[in-house]
Amino acid sequence: MKKNLSIATSFIIACLISSSSLYAQQKASPPKVSKATVNGNDITINYSSPSKKGREIYGGLVPFDKVWRTGANEATTIELSKDAKIGGVDVKAGKNALFTIPGKSEWTIIINSNAKQWGAYDYDKSKDIGRFKVSSAELDAVVESFAINLADDGTVSIIWDQTQVEFMIK
């Protein structure tokens, strides 16, 4: 009986440790949502928000000139209730992935039809709906937590560390 109790106790402790570890990992890059209604189009952007934590972000943690999931964990998604133009790209209503390729002064924004994927590990360029380029701006202050802000006029701002990029949804 004592041996069974000991095994059960060990199992419970192991479960608690792994669930608290999983909780800590999820909290490290918490899920975030940015929503707005633009010209009658309900738009939702889902992403995970990592923190800088003293790390070099662009050109370090996030390499230049490589496809990035644009946040952490699962691929960032953008969902439209109606067809729209995103940075000049025609996008049908529905949910798509939002990837980026950060550069030193210019980023490529990618709308990809595969919304259900972890990170950019299975990114497939053949599923791109479209791409467009935007300039990046250097901020005066450091932004600790990654953020995607969607304004009521359709401006999408991606902000982290000392970098900001913007594009429009019309």
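Residues numbered from 1 in each chain as written. Predicted model: local features only at pLDDT ≥ 70, side-chain atom pairs only at ≥ 80, totals over all residues. Heavy atoms only, no water.

Asks: Hey, could you run me through the packing of aromatic side chains in this one?
Replies: For any pair of aromatic rings, the description consists of the separation of the ring centres together with the inter-plane angle of the planes. Under the counting rule described, the total for this entry stands at ten aromatic pairs. With a centroid separation of 6.0 Å and 85° between ring planes, the pair formed by Tyr58 and Trp68 is classed as edge-to-face. Of the two residues, Tyr58 sits in the loop between strand S2 (41–48) and strand S3 (77–80) while Trp68 sits in the loop between S2 and S3, which places them ten residues apart along the sequence. Grouping residues by exposure puts Tyr58 and Trp68 together as buried. With centroids separated by 6.2 Å and ring planes inclined at 10°, the aromatic side chains of Trp68 and Trp160 adopt a geometry described as stacked. With a gap of 92 residues between them, Trp68 in the loop between S2 and S3 and Trp160 in strand S9 (residues 155–168) connect regions that are remote in the sequence. Taking relative accessible area as the criterion, Trp68 reaches 9% and is therefore assigned buried. Assessed through its relative accessible area of 1%, Trp160 is described here as buried. (Phe/Tyr/Trp six-rings, centres within 6.5 Å; stacked < 30°, edge-to-face > 60°. Helix = DSSP H or I, 4+ residues; strand = E, 2+ residues; numbered from the N terminus. Buried < 20%, exposed > 50% of the residue type's maximum accessible area, 1.4 Å probe, protein only.)

Asks: Could you clarify how one ought to interpret the pairing of strand S8 (residues 128–150) in this entry?
Replies: Looking along a regular strand, one sees side chains alternate from face to face of the sheet. Bridge count for strand S7 (residues 106–112) against S8 is seven bridges, and the pairing is antiparallel. Directly across from Ile110, in S8, lies its bridge partner Arg131. (Pairing = 2+ DSSP bridges.)

Asks: Mind showing me how you'd approach the sheet that holds S3 here?
Replies: Within a sheet, adjacent strands bond to each other through the backbone by hydrogen bonds, running parallel or antiparallel. One open sheet accounts for seven strands, arranged S1-S2-S3-S6-S7-S8-S9; its pairing is antiparallel. The open sheet has two edge strands with one neighbour each: strand S1 (31–38) and S9. Each strand axis lies, on average, 30° off the axis of its neighbour in the sheet, ignoring direction. In terms of strand pairing, S1 meets S2 through eight bridges, oriented antiparallel. By the bridge assignment for S2, Pro31 is matched with Ser48. (Axes fitted to C-alpha atoms, helices over the stretch in contact; angles between N-to-C directions.)

Asks: Honestly, the environment of Ile109 in this entry has me stumped. Any pointers?
Replies: With respect to the helices and strands, the residue Ile109 is situated in strand S7. Along the sequence, Ile109 and Phe99 sit ten residues apart, while their C-alpha atoms lie 6.2 Å from each other. In contact with Ile109, not counting residues within four places along its chain, are Leu98, Phe99, Thr100, Gly130, Arg131, Phe132, Val134 and Phe167. (Contact = heavy atoms within 4.5 Å.)

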